[in-house]
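Close look at the chain arrangement
Each chain is listed here by its residues.
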Amino acid sequence: MPDSLLGRVRLPVIVLAQFAGTSLWFAGNAILPDIQPLLNNPDLNGWITSAVQLGFIGGTLLYALLAIPDRFPTTRVFLVSVLLAAAANAGWLFLPLQASTVLVSRALTGFFLAGVYPVGMKLAADWFRPVLGRAMGFLVGALVLGTAFPHLLRGLGTSLPYRNLMLAVSGLAIGGGILLYLVVPSKPLPTQRTRFQLDALRTLVQPSAFRPAMFGYFGHMWELYTVWAFLPLLIGSYNTLHPAEPLNVSLTSFLTIAAGMLGCVLGGYGALQIGSRRVARYLLITSGLCLLLLPLLIGLPPLWFALFLAIWGAAASGDSPQFSTLVASYAPAESRGSTLTLVTSIGFLITVISIQTMAGLVAQFGASVWLFWLLLPGPLLGVLAVSTNDERS
């Protein structure tokens, strides 16, 4: 394939591989209605999601501390990781069906996804630095669409057997990894072997342009995954208040989360005009206002409330690629992959704390719409962090 054509297809291939690989993330959620009655375990819903999150946190920490994304060719790391994640995703199908087996499978899937999502961001940073905000918009948009996909499956009432679905998702992930390996070359490795030194953790706290971007990302993560996790509960609360005109919980959840892909892509193009920092700040302000107004707007008619949710979904997800851009741009070049992986790990640890805090409040006070104000500190602190510098970046 000519080099000019290769250059044009690299970004679509990275985006496709990222979508294919990260579709493993929520595959367990898509089959939950099928396996939950077989396991007779009502608590499995929360643990299936938490297992992947915790596995991903452990994986990103290990990948970062061993400097795997910086010591080995990037596309090779991506391929090996996605092969192992796909095997973990489907491996439990060949064992007796038990809740413990399923949860270990989900945790291992999350662990190996540490070599997929952050490594895909590193590839984008390596090849598309002049237009990194736009590239990240497509890349994170692919992840958002993968997140929404299980809700679409459930909303459409698919009858695909859960075994076939899991095998198909694993096959899709493997295909994406192979395509990436064949089409997108890795950047040359440093002549000096890279090692992640614990002293490099100082980068996370030393005054620099990197630190505000990191703190902004952490504020964004406090909000995003908790919104995704409790979105069906919010829509269910809306239906309780509007029994005559209920919304389809699964399809509305899909459309709300999937709107984030549009926010990511449009934000990426906006970053070319006004910079990633400003786009991230404006979207944080928008999602914060949505949180603030939620108790008032839950009284809207169904169509208007669904539109409000779509705006919220687009804003809550749309700032993610711009924070990834800022973090990737300001991270030390010699340890960019490890730093991205470490920051991502901390971000997902924050999501676990946020989700578990919300779950505890819901258990104590019920599904009150006012509980979503718990997430307001995320956008607020994020806006304060990225407002420290207005440079066009």
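Residues numbered from 1 in each chain as written. Predicted model: local features only at pLDDT ≥ 70, side-chain atom pairs only at ≥ 80, totals over all residues. Heavy atoms only, no water.

1. Let's talk about the side chain of Glu223
Along the chain, Glu223 falls in helix H10 (residues 210-241). Buried within the structure, Glu223 lacks any salt-bridge partner; Arg281 is the closest side chain of opposite charge, at an N-O distance of 15 Å. Among residues more than four places away in sequence, those in contact with Glu223 are Ser287, Leu291, Trp312, Ala316, Leu375 and Pro379. (Helix = DSSP H or I, 4+ residues; strand = E, 2+ residues; numbered from the N terminus. Buried < 20%, exposed > 50% of the residue type's maximum accessible area, 1.4 Å probe, protein only. Lys, Arg positive; Asp, Glu negative; His and termini not counted. Salt bridge = Lys/Arg side-chain N within 4 Å of Asp/Glu carboxyl O. Contact = heavy atoms within 4.5 Å.)

2. Details of the side chain of Arg106
Relative to the assigned elements, Arg106 resides in helix H6 (residues 99-112). Discounting chain neighbours no more than four positions away, the residues touching Arg106 are Leu24, Trp25, Phe26, Ala27, Gly28, Ile48, Ala51, Val52, Asn89 and Met166.

3. Considering helix H9 (residues 162-183)
Counted at 1.5 Å a residue, the expected span for H9 with its 22 residues is 32 Å, and the 32 Å between its end C-alpha atoms agrees. Taken residue by residue, H9 has Tyr162, Leu165, Met166, Val169, Ser170, Ala173, Gly176, Gly177, Leu180 and Val183 as its buried positions. (Expected span 1.5 Å × (residues − 1).)

4. Some thoughts on the confidence of the model for the protein
Scored by pLDDT, the protein comes out at a mean of 82, with 84% of its residues at no less than 70. Across residues 1-5, where pLDDT falls below 50, the model places two contacts with residues more than four positions away in sequence or in other chains. (pLDDT = per-residue confidence, 0-100.)

5. Side note on the nonpolar core
In terms of nonpolar packing, the biggest core is built from 110 residues, with Trp25, Ile35, Tyr225, Leu234, Trp312, Phe348 and Phe372 touching the most fellow members. With 16 residues, H10 is the largest single contributor of residues to this core. Setting aside chain neighbours within four positions, we find Phe348 in contact with Trp25, Gln53, Phe56, Ile57, Tyr117, Tyr217, Met221 and Tyr225. (Core = buried A, V, L, I, M, F, W, Y, C linked by side-chain atoms within 4.5 Å.)

6. Let's talk about the environment of Pro321
Turning to its location among the elements, Pro321 is positioned in helix H14 (residues 320-330). Exposure remark for Pro321: the relative accessible area of 0% places this residue in the buried category. For the pair Pro321 and Gly267, spaced 54 residues apart in sequence, the C-alpha to C-alpha distance is 8.2 Å.

7. Concerning the packing of aromatic side chains
Tallied over the entire structure, the rule returns 17 aromatic pairs. Plain terms: the ring middles of Tyr238 and Phe305 are 4.4 Å apart, the flat faces sit at 5 degrees to each other, and that makes the pair stacked. One end of the pair, Tyr238, is in helix H10; the other, Phe305, is in helix H13 (residues 302-318), and 67 residues separate them in sequence. With a relative accessible area of 0%, Tyr238 lands in the buried category. (Phe/Tyr/Trp six-rings, centres within 6.5 Å; stacked < 30°, edge-to-face > 60°.)

8. Considerations on the packing of H10 against helix H16 (residues 377-386)
Running from N to C, H10 and H16 point in directions that differ by 165 degrees, and their axes come no closer than 7 Å. Classified by the angle between their axes, H10 and H16 sit roughly antiparallel to one another. As for how H10 packs across H16, the hand of that crossing is left-handed. Every residue of H16 that contacts H10 at Pro212, Phe215, Gly216, Gly219, His220, Trp222 and Glu223 is listed here: Pro377, Gly378, Pro379, Gly382, Ala385 and Val386. Residues belonging to the contact of H10 with H16 are distributed by class as follows: seven nonpolar, five polar and one charged. (Axes fitted to C-alpha atoms, helices over the stretch in contact; angles between N-to-C directions. Parallel < 35°, antiparallel > 145°, perpendicular 65-115°, else oblique. Left-handed = near helix turned anticlockwise from the far one by under 90°. Nonpolar A, V, L, I, M, F, W, Y, C, P; charged D, E, K, R; others polar.)

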